[in-house]
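# Examining the three-dimensional arrangement
Chain residues, written in single-letter form:
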Amino acid sequence: MMQTVLAMDPIVFWIIVTVALVNVTGALLGTFLVLRRMSLLGDAISHAVLPGLALAFMLSGTREPLPMLIGAMAAGLLTALLTHLIHRYANVPEDAAMGVVFTSLFALGVVMITRVASQVDLDPGCVLYGVLESAALDTRPLFGIEVPRVAVTLAVTFAVTAAFVAALWKELKIVSFDPHLATTLGINADRVHYLLMALVAAFTVAAFEAVGSILVVAMLIAPAATAFLLTDRLHWMALIACATGILTAILGRNIAAVFDAPVAGMASVVAGGLFLLAVLFAPRYGIVARKLAHLRLGLRISGEDLLGLAYRWQERGTGAPLSARGALEAAGGGAGSRLALWLLRRAGLMAKSGRGLRLTASGLERASKLVHRHRLWEAYLARHLPLPDDHLHSPADRMEHFMDSDLQRQVEEQVPEPHGPSGAPR
Amino acid sequence: MSGPAPWLAILALAAAQALLFAAVGANRVLEWVQTACASAGLPYNTVMVLAGSGLLGVSSAVIGSYAVLRRRSLIGDAVAHAAPPGIALAYLIARERNFFLLLLGALVSGVLGAAVIAWLRQSTRTRQDAAIGLVLSVFFGLGIVLTSAVQRDPTGAHAGLEGFLLGKTAGLVSQDLLLIAVTSANILILVWLFQKEFLLLSFDPGFAAVQRWPVQALDVLMMTLLVAATVIGLPAVGVVLMAAMLIIPGVAARFWTDRLSRLLPLAGAFGLASAGAGTYFSSVSEGMPTGPVIVLTAAAVCLFSMFAAPRRGIAAGILKRIRMRERVARQNLLRTMYELAEEAPDSAASLEEVAARRGWRAAEALRLLRRAERRGELRRTPDGRWALTEHGLQKALEVVRAHRLWELYLVEQASIAADHVDRDADELEHILPPEMVLQLESRLRSEGRWPEDRVPASVHPIESAAGEAR
């Protein structure tokens, strides 16, 4: 590992470090934006810093980082504040207010730049995907190593962000999940909110030059949204988001090299790909996991229906064999029931006997418990709800699959006496 | 949903246009326009630019208004950002700058982006804001990757795809403008055909579903129209600012009216005005980009509406609050004068007494007293004190009656202690509707507790602001 890093071309190394710093900072800030359903405020702020930058340039006459930073933070805060004021006092839906504010500010910024600073070249390409490759060459020595200027700026931004998140962890957590509780506890939710927005603006402008605005927006949203699918704990969400950010940087730069494409654009695409993987394969909230759980539940219900059917058949005691086809049809038919029957036979709960199906000893035990739960629920309904007898079966049919031992004990206390089948055996 | 008629109308519309353009060709249509312009003495190029951008302004404003109403404003932003990969792919496939194909590519990837947002919102844990942001940045990132592939292509260096980022009406030829104008016109016709359906979809989709309207299909249609408006706007105003064309006119129009039938034309007019003004300003001043100027014009209209609109505007709200405060002060003064007269029927009240009773500063009390005198509710006695006139007494009776009735009601019905009701009644008496006062009266009368022709006595000792009971 160490050798790989040492053997790496320094430019490649610094590109990856720069992008990784952008991604981790964005992921940390994005965690709170995504949780608070404010992802788009990050997008809005990253566009709306433009007039702040233009004004700072007009007033100071330089492109030094400090005036730029101040201008951007002011414009970012203005965006958040105006959005809130228009939403609150002019009764405009929040998303529309945001759309009005950030597009107007962006338009203002473009006009200001064209009017006043027409000598400054506003190359859309540079704005959107930055000048990462040349920025990595603009180095200065730090502790005897040539370090790109942007990497230093971004490292400082990351350090400030990490310190902010660490220092205000508790406050951010409460404000994210329950702003009203935060207010009653004496935490100034508004102040935390605007501090976060100022940091987003600062991050935007620090990352802007290197990677362009598009990766900034992607990183404020994608890693956090990915992590949100993978965990329910805030600290894990932040850590997973950061890890996703680093992975995005490494994969993004290497895939971009293969296709000779801009790193910032490719990193956004990679971030989207990682998110898609999470959407599909997340252990709990992933689509595959949910489909599998659904399938498993369906199979269990079909199997239990078959068991119950066989039990009632044997209980009737006509001696005739239960035909497999009839049983499958009664349990819903189709591939699902057939698979359920196959699983029951493999588990040794049902067996073929002659021309029909029968329950094995262990199958009989399982089935009797099931039918017990069914009739328990029927008896409970009959006792507590004025339902006609022929309306008891179908709710009990659903309930028998979901009654856990706790509920069963409670119902047994309510319906103490033993009971027979309701009406005709079903 | 009135049967399949609107859907058939769409088909007929599409077929008629396809036939027209196949039979005569776009160039012939343009020639006709050119001849018409020449005979009317109008500059052909200006007419084309204004027609294209104007119709674009109207159609995006109208379809965008629905998005604003349905809290989907920023989906337009995401769709605009989702278009570039389609544009670049269309170029890579066609290998030439065919405007129609580029926009078709943009339409396909825009619709795909909108579909992904809907899918993420419905079937995953991702919320709408994150879904919009994801589609926006990831599709756009893909667009950058594909555009860089186009630019490496020897023929692609001058494909002019960057024009889509910030928009440039000057770069559009008349065939492009014709396509924009025709598409905009189609969007408007479809909105007109489906106005009833879109109205219900915007305000009560649940009811529409219960009526067995094809809500899903209508939703897809509306979304497709939004994407179409976005896509034709890209070459004129660019990716970033297209959202503004969709959102701002609708937001501005919303301040002026509560009716969709008025909101849509108004939003269309705002869209038209800002598109026209923006196009004009950017054409007269050198190097000024069209899109930002259009958006700033629209923003100015929106800002004006926000402050000046008669009912929902901020100025109207402030004015309403001031009027309310004046009314409350006036009624409080009348009641105070009545109470003072009730205690000492023979002597008029002094300025100090009035001020002390209400806790007003002397200057404030004097201002209110003088104003009431001008209204003829009070008169000044020769010794400089103040008394109710006959007219003022009538007004004061109304106010006191409402106040005491409400106090009685609170004591009797809401079982609030007598010494707590004054403050509550104080707040409510000014906004009690007359019907409510009558209702309270008749209730007391039916219980035989209504003092005929008189104001009911106060349920508590009347206190001055200083606190001592009288």
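Residues numbered from 1 in each chain as written. Chains lettered and ligands numbered in written order. Predicted model: local features only at pLDDT ≥ 70, side-chain atom pairs only at ≥ 80, totals over all residues. Heavy atoms only, no water.

## Topic: the overall build of chain A
- Within chain A one finds 19 helices and four strands.
- Expected size for 426 residues packed as a compact globule is a radius of gyration near 22 Å; at 32 Å, chain A overshoots this value by more than 25%.
- Judged by the C-alpha coordinates and their principal axes, chain A covers about 100 × 55 × 35 Å.
- For chain A, the proportion of its 426 residues judged to be buried stands at 50%.
- Counting contacts in chain A only where the partners sit at least 6 residues apart, residues at least 24 apart contribute 69% of the total.
- On chain A, roughly 20700 Å² of surface is accessible, and the fraction owed to carbon and sulfur atoms is 63%.
- Between the centroid of the 34 positive side chains of chain A and the centroid of its 31 negative side chains there is a distance of 9 Å. (Helix = DSSP H or I, 4+ residues; strand = E, 2+ residues; numbered from the N terminus. Rg over C-alpha atoms; globule rule 2.2 N^0.38 Å. Buried < 20%, exposed > 50% of the residue type's maximum accessible area, 1.4 Å probe, protein only. Contact = heavy atoms within 4.5 Å. Areas by Shrake-Rupley, 256 points an atom, 1.4 Å probe, with all protein chains shown as cover. Lys, Arg positive; Asp, Glu negative; His and termini not counted. Charge placed at Lys NZ, Arg CZ, Asp CG, Glu CD.)

## Concerning the overall build of chain B
- Scanning chain B for helices and strands turns up 19 helices and two strands.
- Across the 470 residues in chain B, those meeting the buried criterion constitute 49%.
- Long-range contacts, defined here as pairs at least 24 residues apart, represent 68% of the contacts in chain B between residues at least 6 apart.
- As displayed, chain B offers around 22000 Å² of accessible surface, 62% of which is attributable to carbon and sulfur atoms.

## Examining the side chain of Asp95(A)
- Position of Asp95(A) relative to the elements: it lies in helix H5 (residues 94-116).
- Buried charge Asp95(A) goes without a salt bridge, the closest partner of opposite sign being Arg71(B) at 5.5 Å.
- Engagement of the side chain of Asp95(A) in a polar contact is seen with the backbone nitrogen of Ser73(B), the distance being 3.1 Å.
- Setting aside chain neighbours within four positions, we find Asp95(A) in contact with Arg71(B), Arg72(B), Ser73(B) and Leu74(B). (Salt bridge = Lys/Arg side-chain N within 4 Å of Asp/Glu carboxyl O. Polar contact = N/O pair within 3.5 Å; in protein donor to acceptor, adjacent residues only side chain to side chain.)

## Section: helix H9 (residues 169-177) of chain A
All names here are of chain A.
- Turning to H9, its buried residues number three or more, namely Glu-171, Leu-172, Val-175 and Ser-176. Projected onto a plane normal to the axis of H9, the buried residues spread over an arc of 125° and lie on a single side. Opposite the packed face of H9, turned more than 90 degrees from it, sit the exposed residues Lys-170 and Phe-177.
- The secondary structure elements touched by the buried residues of H9 are helix H2 (10-35), helix H8 (149-167), helix H10 (179-184) and helix H11 (189-230). (Arc of directions from axis to C-beta.)

## Some remarks on the domain arrangement of chain B
- In terms of domains, chain B is made up of domain 1 (5-310) and domain 2 (317-469).
- Relative to domain 2 of chain B, the C-alpha centre of domain 1 of chain B lies at a distance of 59 Å. (Domains from an automatic or database assignment.)

## A few points about the packing of aromatic side chains
- By the definition in use, this model includes seven aromatic pairs over all chains.
- Their ring planes at 25° and their centres at 5.9 Å tell us that Phe194(B) and Phe198(B) sit as a pair that is stacked. The residues Phe194(B) and Phe198(B) share a single accessibility class, namely buried.
- A network of ring pairs unites the aromatic residues Tyr66(B), Phe194(B) and Phe198(B) as a single cluster.
- Between Arg125(B) and the ring centre of Phe228(A), over which it is positioned, the NZ or CZ distance is 4.2 Å.
- Over the face of the ring belonging to Trp360(B) we find Arg358(B), whose NZ or CZ atom lies 5.9 Å from the ring centre. (Phe/Tyr/Trp six-rings, centres within 6.5 Å; stacked < 30°, edge-to-face > 60°. Lys NZ or Arg CZ within 6 Å of the ring centre and 35° of its normal.)

## Some remarks on the domain arrangement of chain A
- Under the domain assignment used here, chain A contains domain 1 (2-282) and domain 2 (290-414).
- Once you take the C-alpha centre of each, domain 1 of chain A and domain 2 of chain A turn out to be 56 Å apart.

## Quick look at the side chain of Ser39(A)
- Within the element layout of this structure, Ser39(A) appears in helix H3 (residues 39-60).
- Since its relative accessible area comes to 0%, Ser39(A) is described here as buried.
- A distance of 2.8 Å separates polar atoms of two side chains, one belonging to Ser39(A) and the other to Asp129(B).
- Those residues in contact with Ser39(A), other than ones at most four positions away along the chain, are Leu33(A), Val34(A), Ile221(A), Asp129(B) and Ala130(B).

## Some remarks on helix H16 (residues 334-346) of chain A
Residues and elements named next belong to chain A.
- Between its first and last C-alpha atoms H16 spans 19 Å; for 13 residues at 1.5 Å apiece the expected length is 18 Å, and the two agree.
- Those residues of H16 that fall on the buried side of the exposure criterion are Ser-337, Ala-340, Leu-341 and Leu-344. Buried residues of H16 fall within an arc of 100° about the axis and therefore sit on the same side. Facing away from the buried side of H16 by more than 90 degrees, the exposed set consists of Ala-335, Arg-338, Trp-342 and Arg-346. (Expected span 1.5 Å × (residues − 1).)

## Structural notes on the environment of Leu69(B)
All names here are of chain B.
- In this structure, Leu-69 sits in helix H2 (residues 44-69).
- Taking the relative accessible area as the measure of exposure, Leu-69 reaches 18% and is therefore buried.
- Residues Leu-69 and Gly-250, spaced 181 residues apart in sequence, show a C-alpha to C-alpha distance of 8.3 Å.

## Re the packing of H2(B) against helix H7 (residues 174-193) of chain B
All names here are of chain B.
- With their axes 8 Å apart at the nearest point, H2 and H7 run at an angle of 35° to one another. Relative to H7, the crossing made by H2 is left-handed. Note on element contacts: H7 touches H2 through Ser-174, Leu-177, Leu-178, Ile-180, Ala-181, Ser-184, Ile-187, Leu-188 and Val-191, opposite Tyr-44, Met-48, Val-49, Gly-52, Leu-55, Leu-56, Val-58, Ser-59, Val-62, Ile-63 and Tyr-66.
- The class makeup of the residues in the contact of H2 with H7 is 16 nonpolar, four polar and no charged. (Axes fitted to C-alpha atoms, helices over the stretch in contact; angles between N-to-C directions. Left-handed = near helix turned anticlockwise from the far one by under 90°. Nonpolar A, V, L, I, M, F, W, Y, C, P; charged D, E, K, R; others polar.)

## Things to note about the pattern of salt bridges
All names here are of chain B.
- In the structure shown here, the tally under the stated rule is 20 salt bridges over all chains.
- We note a salt bridge from Glu-326 to Arg-367, for which the minimum N-O separation is 3.3 Å. Placement of the pair is Glu-326 in helix H14 (residues 314-343) and Arg-367 in helix H16 (residues 362-374), with a sequence separation of 41 residues.
- It is possible to trace a salt-bridge network through shared partners that takes in Arg-254, Asp-258, Arg-311 and Arg-312.

## As for the nonpolar core
- Ranked by size, the top nonpolar core spans 200 residues in total, and within it Val211(A), Ile63(B), Phe198(B), Ile247(B) and Val251(B) carry the most contacts.
- Excluding anything up to four places from it in sequence, Ile247(B) contacts Ala96(A), Gly99(A), Val100(A), Val68(B), Ser73(B) and Leu74(B).
- Leu333(B), Tyr338(B), Ala355(B) and Leu388(B) belong to the second largest nonpolar core, which has 21 residues in total. (Core = buried A, V, L, I, M, F, W, Y, C linked by side-chain atoms within 4.5 Å.)

## Topic: the environment of Glu435(B)
- Within the element layout of this structure, Glu435(B) appears in helix H19 (residues 434-446).
- Along the backbone, Glu435(B) and Ala208(B) are 227 residues apart, and their C-alpha atoms lie at a distance of 37 Å.

## As for the confidence of the model for chain B
Residue and element names in this part refer to chain B.
- Averaged over every residue, the pLDDT of chain B is 84; residues scoring 70 or more account for 90%.
- Within the model, pLDDT remains below 50 along residues 465-470, and this stretch shows 14 contacts once partners closer than five positions in the same chain are excluded.
- Predicted complex metrics record ipTM = 0.85 and pTM = 0.83. (pLDDT = per-residue confidence, 0-100.)

## Notes on the pairing of strand E4 (residues 356-359) of chain A
- Of the strand pairs in this sheet, strand E3 (residues 350-353) of chain A and E4(A) are connected by four bridges, and their pairing is antiparallel. Residue pairing across strands places Lys352(A) opposite Leu357(A), the latter belonging to E4(A). (Pairing = 2+ DSSP bridges.)

## Description of the environment of Leu339(A)
Residue and element names in this part refer to chain A.
- Structurally, Leu-339 is set in helix H16.
- Residue Leu-339 is classed as partly exposed on the basis of its relative accessible area of 38%.
- Put simply, Leu-339 and Leu-299 are 40 residues apart on the chain and 7.5 Å apart in space, counted from C-alpha to C-alpha.

## Some remarks on unusual backbone geometry
- A positive phi is found at Asp260(A), a non-glycine position, where the angle reads about 55°.
- When you line up the elements, Asp260(A) lands in the loop between helix H12 (234-259) and helix H13 (263-281).

## So, the interface of chain A and chain B
- Contact with chain A, which involves 59 residues of that partner, is made by 54 residues of chain B.
- Each partner contributes to the roughly 4600 Å² buried at the junction of chain A and chain B, and carbon and sulfur atoms together form 75% of this total.
- It is Leu40(A), Asp95(A) and Phe228(A) that lose the most area in chain A upon contact with chain B, and together they represent 11% of the buried surface on that side.
- Inspection of the chain A/chain B interface yields one salt bridge.
- For Arg125(B), the salt bridge is made with Asp232(A), and the minimal N-O distance between the two is 2.7 Å.
- When contributions to the side of chain A that touches chain B are tallied by element, the ones reaching two or more residues are H2, H3, helix H4 (65-89), H5, helix H6 (124-129), H11, H13 and helix H14 (287-316) of chain A.
- A total of 15 residues in the side of chain A that touches chain B trace back to one element, the largest contributor, which is H5(A).
- Across the side of chain A that touches chain B, the residue classes break down as 41 nonpolar, eleven polar and seven charged. (Buried area = accessible area lost by both parts, 1.4 Å probe.)

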